[in-house]
Structures are given as C-alpha cells and as structure tokens.
2 protein chains.
Amino acid sequence: MRFDVTILGSSSATPIFNRNPTAQALNINERLYLIDCGEGTQQQMLRFDIKASRIDYIFISHLHGDHYLGLVGLLSSLHLNGRKKPITLFGPAHLKEIIDIQFKYSETKLHFDLDFKSIDPLKSEIILDNTDITVETLILDHRIDCTGFVFRQKKRLRKINKEKTELLNVPVEYYSLLKRGVDYFTTDGKTYANSELTSDSEATKAYGYCSDTLFNDRYFDQIKNIDLLYHEATFAHNMLDRANETHHTTALQAGQIAQLNGVKKLLIGHFSARYKSLIELLDEARSVFPETELAIEGKTFVI
Amino acid sequence: MRFDVTILGSSSATPIFNRNPTAQALNINERLYLIDCGEGTQQQMLRFDIKASRIDYIFISHLHGDHYLGLVGLLSSLHLNGRKKPITLFGPAHLKEIIDIQFKYSETKLHFDLDFKSIDPLKSEIILDNTDITVETLILDHRIDCTGFVFRQKKRLRKINKEKTELLNVPVEYYSLLKRGVDYFTTDGKTYANSELTSDSEATKAYGYCSDTLFNDRYFDQIKNIDLLYHEATFAHNMLDRANETHHTTALQAGQIAQLNGVKKLLIGHFSARYKSLIELLDEARSVFPETELAIEGKTFVI
C-alpha cells in the first residue's frame with residue numbers, strides 16, 4: 001500500500017525565494033491527505049504534479065497564517081474545477097468562521113460538501129478511522145492552540161498461503177475467515193491452526209507530524225518508534241532563546257526528540273527565513289540523530 | 001518621474017502552472033501602489049525582486065478570492081519583517097472584517113498602522129490625492145461589487161528657463177512663484193509674462209485598471225485617451241456567452257474598449273485557465289486594437 005509524503009512548503013512565518021509556507025501531501029493508498037495549507041499550496045501542487053482532485057482529507061494544525069492561508073483558494077479552485085466529492089476538513093473551531101465569512105462575501109456556494117470537524121486542542125484522540133489508517137492528535141505547545149497528527153496504517157488482513165490451502169482443498173468461502181485469523185476446521189473434524197495456512201501481513205507504518213511546538217515531552221509517548229517523524233526545527237540551537245520565546249524547536253532539539261523516542265527517520269522543516277542555506281540545521285540535527293533529512297519542497301519520502 | 005507597472009499575476013479564478021492570480025505593482029516615483037493581491041503575491045514579489053517594504057498603498061477591486069487572498073499573508077510578512085510605516089488599504093467594506101477575524105485568531109497585532117478606507121462601489125470618486133497622483137474609482141459591472149481605478153499623475157510645476165532668469169537677474173525667491181505660473185514684476189515696474197521665463201512640464205500620464213467587468217460603457221468616460229489601460233480579457237470572443245454569464249470581457253471586447261476610448265496602449269490579462277497559450281487572445285484584441293500587449297508575470301510596462 002502506497003504511503004508517502006511530498007513536501008509542498010518548508011518555510012516558517014514568511015516565505016522566502018524558493019521556500020513556501022507549510023503544506024504536505026500524504027499519499028495513502030492513492031488518496032491524498034493534505035496536512036496544513038500555507039499560502040500558495042495550490043500553486044505548489046501544480047508545480048509538483050500533485051493532483052488536488054485526489055484530496056479527501058485536510059488537516060490544519062493551527063491558525064497562524066503560514067499554516068492555512070492557502071485553504072480558501074484551494075477550496076475555491078476545487079469548486080471551480082467541478083469537484084463533487086466531499087472533503088473532510090479537520091481544524092481549529094474558528095477556522096470554520098474564517099472560511100464562511102470569505103465564501104459569504106465572494107458569494108460562493110461550494111458544489112461539494114465540506115464536512116468540517118473541529119479539533120479539540122486540549123485532548124489527544126483518534127479523529128479519523130477509515131479502511132486504511134487512523135489519525136490521532138498530538139497536543140503541541142505553541143503560542144496559540146496547535147495540534148500535531150499521527151497517521152497510522154491499519155493492520156491488514158493475513159496473507160493466505162495458496163499452496164497449502166489448495167493442497168488441503170480449503171473451500172474458497174473459507175478464505176475471508178482465514179484472512180481474519182480463524183483456524184480451519186474440516187468437515188471430517190480435523191483442525192489446522194491458522195498460522196499453518198496464512199502468514200502475517202506487512203508491518204504497519206506510522207507518520208508523525210509536529211509543527212509548531214516547543215520541545216515538550218507531553219506528546220512523546222505517541223511518537224515512540226514511529227517510522228517517519230516530521231518535526232519543526234525553525235532555528236539552530238544558538239537561537240534557543242528565540243525558539244523558546246516564539247514557542248519553536250531548534251534543530252538540535254528535533255534530533256534529540258527523534259533519538260529519545262526511537263523513531264526510525266526524522267524529517268526537519270519549518271525553517272526560519274534567516275537560513276539561506278539549511279546545511280547548518282541539517283548538520284546540527286544529525287549530530288544527535290544521523291537519520292535526519294531536510295523537508296525540501298518537491299521531495300517525496302516513502303514511509 | 002518613474003511611472004510603471006509590473007505584472008505579478010495574470011490568471012483568472014484558478015491559478016495554472018506559471019500563471020498566478022491577479023496582482024500588479026505600480027511604481028510611482030519609487031513608491032509602490034499594489035493593485036489587487038491574489039494568493040501568492042508575496043512570493044511573486046520575491047521572485048521578481050519587487051520590494052514589498054516599499055508598498056504605501058494597496059487597492060483591492062473586489063472580494064473574489066483571486067483578487068485578495070494573498071493580502072493577509074503579505075501584511076503578516078511585512079509585520080514580521082519589522083515594518084513600522086503605515087499602509088493605506090482601499091477596498092470593499094467587508095474586507096476589514098475578513099482581515100480582522102484572521103488577525104484575531106492568529107493573535108496578531110500589527111506593528112504598523114493599517115489605515116483602511118472603504119470604497120463605495122456605487123460611486124465614482126477620487127479616493128487618493130497625494131503629491132504625485134490622484135486615484136479615481138470606476139464603477140465596474142461584475143457579479144459582486146467591483147471597482148476599477150485610474151491613477152493619474154499630477155501636473156508638475158513649470159520648468160524655469162535659467163538662461164532667461166539669470167539674464168534678467170530674477171531674485172531666487174521668485175522662482176517658486178514662476179514655477180506656479182505667476183508673471184514676473186520687476187521693482188522698476190516692468191512685467192514679463194510667465195511663458196517667457198518658464199516652459200510647461202512634461203505631460204501627465206494615466207494608468208487605468210479594469211478587472212473584473214462586463215463590457216459596459218458606464219466607465220468609458222473616465223478611461224478616455226489614457227496612456228495605458230489594463231483591461232481584463234478572460235475569454236476569447238467565441239466564448240461570449242460564458243463571458244456574459246460570468247460577467248467578464250472577451251479579448252475582442254477589450255480591444256474595442258481601447259479603440260472606442262482612444263487609449264494609447266492596451267494591456268490584457270485575467271486569462272482563463274483554459275488558455276494554455278495566449279496567442280489567440282492577443283491576436284483577437286490586436287485585430288481591433290494593434291497596440292495591445294499581454295499582461296505576463298514579471299513584465300514591466302512603462303506608462
């Protein structure tokens with residue numbers, strides 16, 4: 001099952017040449033889950049050939065403009081391009097008001113259902129549970145309410161060992177039970193343990209998204225051992241005071257968070273406009289956690 | 001005096017690859033006047049090296065997203081980059097609400113004064129009169145209230161003919177009167193007509209901005225004989241029905257408007273996403289008005 005993330009924006013607060021505000025397109029089994037939607041996200045999707053029509057879910061972490069100002073434009077374009085399929089939008093309660101007032105004054109009536117689900121920023125919970133994944137919220141620690149997300153693949157059904165089942169003439173109707181782990185009972189009273197006829201499906205993977213936040217261990221339990229963690233790293237550690245003041249994380253801290261929680265791979269982003277080159281931030285995170293990559297616009301990371 | 005316009009966006013409604021929604025930066029005597037501010041305008045300014053810090057005035061024609069969705073992001077960035085100088089923003093009354101609600105929920109308190117001036121969409125009037133120009137509104141004809149603008153250079157002071165004034169020993173204190181057209185009276189009772197000692201300053205120029213609108217002669221008087229007219233030309237004329245339905249102009253009509261009103265040069269823009277190449281639109285406008293150019297991103301037109 002496809003499970004990867006394409007970076008559409010990596011800048012914090014103000015865009016700079018070549019770096020756009022935050023947005024990421026998660027492709028899970030050919031459906032798109034858009035995480036944050038900074039200004040220019042729809043243009044970035046055009047640039048990197050990410051089909052906006054495939055978006056089924058949108059998640060907005062918080063109401064700082066660099067994380068949502070592209071949303072109304074994206075929804076308008078989907079509408080104008082004839083979208084009919086509903087979209088589920090998760091975000092802070094007031095996001096609804098912000099969208100509504102803009103569509104009110106532009107006299108826009110969307111041709112598709114926008115199913116808005118307000119996120120409780122003080123509660124960690126599963127907000128989505130579909131056939132492919134669950135999405136769990138993380139209580140981040142920012143200047144305003146801010147939510148992170150863990151996207152976790154669901155355990156898939158067991159794989160049938162066809163050679164064995166054919167040898168035993170297992171009736172095809174029995175296959176769905178075998179996939180669910182049920183043992184095989186023959187009509188003449190014999191029993192075959194499920195493990196003899198099937199094997200475990202691939203391990204499930206998880207992607208964690210933490211932007212924007214102070215280093216704070218309250219969300220650490222939920223990102224333990226995950227396969228890919230995106231964590232903001234707005235500043236280098238020599239700007240720790242500024243990071244604390246603005247409720248952001250340094251690249252060194254992002255590395256420490258990955259290392260402390262045994263994640264497999266770290267992706268850092270949300271870079272301050274002061275860094276023309278990002279090597280300093282990458283080197284710093286790698287000094288504690290070598291498996292670190294930069295969340296660069298247009299790059300896709302398989303989870 | 002510098003008087004030119006740089007195109008930051010030329011697409012209508014939905015952006016396409018390489019075409020951004022509407023925005024134009026007018027440079028008048030090294031001060032910037034931003035006209036409309038579609039999503040991604042601040043990124044376009046970075047791309048084309050237009051210094052956002054030089055913006056003193058912003059004009060928003062109407063509340064369709066492709067004309068203003070970049071505004072909150074631009075204002076935020078100016079704020080974060082330490083701007084202190086005030087900005088005067090002209091726009092539809094409800095724009096204030098849209099901005100206020102977004103800054104409220106992001107807990108942003110701008111460090112500069114945003115002097116909002118609501119435009120009356122049903123009245124044509126002079127909304128700005130400073131040392132360099134006047135700005136007059138045009139009542140356009142769109143699906144929602146929409147305003148166009150004419151930027152008209154002010155008549156500059158007369159030029160003194162130094163050879164003559166030195167020959168006559170005109171006291172330096174008299175120069176400011178001469179520049180204003182006053183005749184010269186000597187202490188011994190002689191009179192020299194002002195025209196003998198000065199010459200007229202350069203002719204004043206004007207730039208007209210008409211987006212979005214149906215072909216409607218109610219704004220024609222105000223664009224008569226102007227030097228450069230930007231007019232929307234969303235569709236080719238074979239889509240006249242669609243243009244009428246959506247309250248837009250065709251390229252042929254834009255050419256007719258320029259020709260009917262004796263403008264010196266026409267700039268067409270606000271192109272529908274359906275046109276990958278713009279040659280058809282350009283040829284069509286030129287068939288009635290040869291002095292037509294395409295309002296292409298990054299191009300600067302001297303007025």
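Residues numbered from 1 in each chain as written. Chains lettered and ligands numbered in written order. Predicted model: local features only at pLDDT ≥ 70, side-chain atom pairs only at ≥ 80, totals over all residues.

(A) Geometry of the sheet that holds strand E2 (residues 23-28) of chain B. Residues and elements named next belong to chain B. If you trace the seven strands from one edge of the open sheet to the other, you get E6-E5-E4-E3-E2-E1-E18, paired in mixed fashion. Because the sheet does not close on itself, it has two edges, and the strands there are strand E6 (114-119) and strand E18 (300-302). When the angles between neighbouring strand axes are averaged without regard to direction, this sheet yields 20 degrees. (Pairing = 2+ DSSP bridges. Helix = DSSP H or I, 4+ residues; strand = E, 2+ residues; numbered from the N terminus. Axes fitted to C-alpha atoms, helices over the stretch in contact; angles between N-to-C directions.)

(B) Up close: helix H2 (residues 71-80) of chain A. Residues and elements named next belong to chain A. Counted residue by residue, H2 has eight buried out of ten residues, so it is predominantly covered. Turning to H2, its buried residues are Leu71, Val72, Gly73, Leu74, Leu75, Ser76, Ser77 and Leu78. The inward-facing, buried residues of H2 contact strand E3 (31-37), helix H1 (41-47), helix H3 (95-105) and strand E6 (114-119). One or two positions beyond H2, positive phi appears at Gly82, with a value near 85 degrees. (Buried ≥ 20, exposed ≤ 12 C-beta atoms within 10 Å, placed from the backbone. Contact = placed C-beta atoms within 7 Å.)

(C) Layout of the relation of the copies chain B and chain A. In the superposition of chain B on chain A (RMSD 0.1 Å, axial shift 0.0 Å), the rotation amounts to 180 degrees. When the rotation and shift are considered jointly, the pair of chain copies conforms to a two-fold rotation axis. For chain B, the minimum C-alpha distance to the rotation axis belongs to Gly40 of chain B and amounts to 2.5 Å. Of the interface residues in chain B, 100% have counterparts in chain A that sit at the interface too, so the contact is made through matching surfaces. (Least-squares fit on C-alpha atoms with pLDDT ≥ 70 in both.)

(D) Highlighting the environment of Ala93 of chain A. By the secondary structure assignment, Ala93 of chain A is in the loop between strand E5 (87-92) and H3. Through-space distance from the C-alpha of Ala93 of chain A to that of Lys179 of chain A is 41 Å; in sequence the pair is 86 residues apart.

(E) Main features of helix H10 (residues 279-288) of chain B. Residue and element names in this part refer to chain B. What H10 keeps buried is the set Leu281, Glu284 and Ala285. Take H10 and look down its axis: the buried residues cluster within an arc of 95 degrees, on one side only. Across from the buried face of H10, at angles greater than 90 degrees, the exposed residues are Ile279 and Asp283. The inward-facing, buried residues of H10 contact helix H9 (251-260), strand E16 (265-269) and strand E17 (292-294). (Arc of directions from axis to C-beta.)

(F) How the structure looks around the interface of chain B and chain A. Taken together, the contacts link 33 residues of chain B with 33 residues of chain A. Contributions of two or more residues to the side of chain B that touches chain A are made by helix H1 (41-47), helix H2 (71-80) and helix H3 (95-105) of chain B.

(G) Highlighting the pairing of strand E8 (residues 133-139) of chain B. Residue and element names in this part refer to chain B. Relative to E8, strand E7 (residues 126-129) is paired through three bridges, and the arrangement is antiparallel. Residue pairing across strands places Asp129 opposite Thr134, the latter belonging to E8. Where E7 hands over to E8, the hairpin turn is made up of three residues, counted between the paired strands. With seven bridges joining them, E8 and strand E9 (residues 147-153) adopt antiparallel strand pairing. Bridged to Glu136 within E9 is Val150.

(H) The domain arrangement of chain A, seen in detail. What the domain assignment reports for chain A is domain 1 (3-156 + 202-302) and domain 2 (159-199). Domain 1 of chain A and domain 2 of chain A are separated by 43 Å when their C-alpha centres are compared. (Domains from an automatic or database assignment.)

(I) Local environment of the sheet that holds strand E16 (residues 265-269) of chain A. All names here are of chain A. With mixed pairing, seven strands are arranged side by side in an open sheet as E7-E8-E9-E14-E15-E16-E17. Every other strand in the sheet has two partners, leaving strand E7 (126-129) and strand E17 (292-294) as the edge strands with one partner each. Direction aside, neighbouring strands of the sheet carry axes that sit 20 degrees apart on average. Pairing geometry for strand E9 (residues 147-153) and strand E14 (residues 206-210), over four bridges, is antiparallel. Residue pairing across strands places Phe151 opposite Tyr207, the latter belonging to E14. Its contacts with the sheet put helix H9 (residues 251-260) on strand E15 (228-232), E16 and E17, and the angle it makes with E16 is roughly 155 degrees. Contacts between helix H10 (residues 279-288) and the sheet are confined to E16 and E17, with E17 contributing the most and set at about 165 degrees to the helix.

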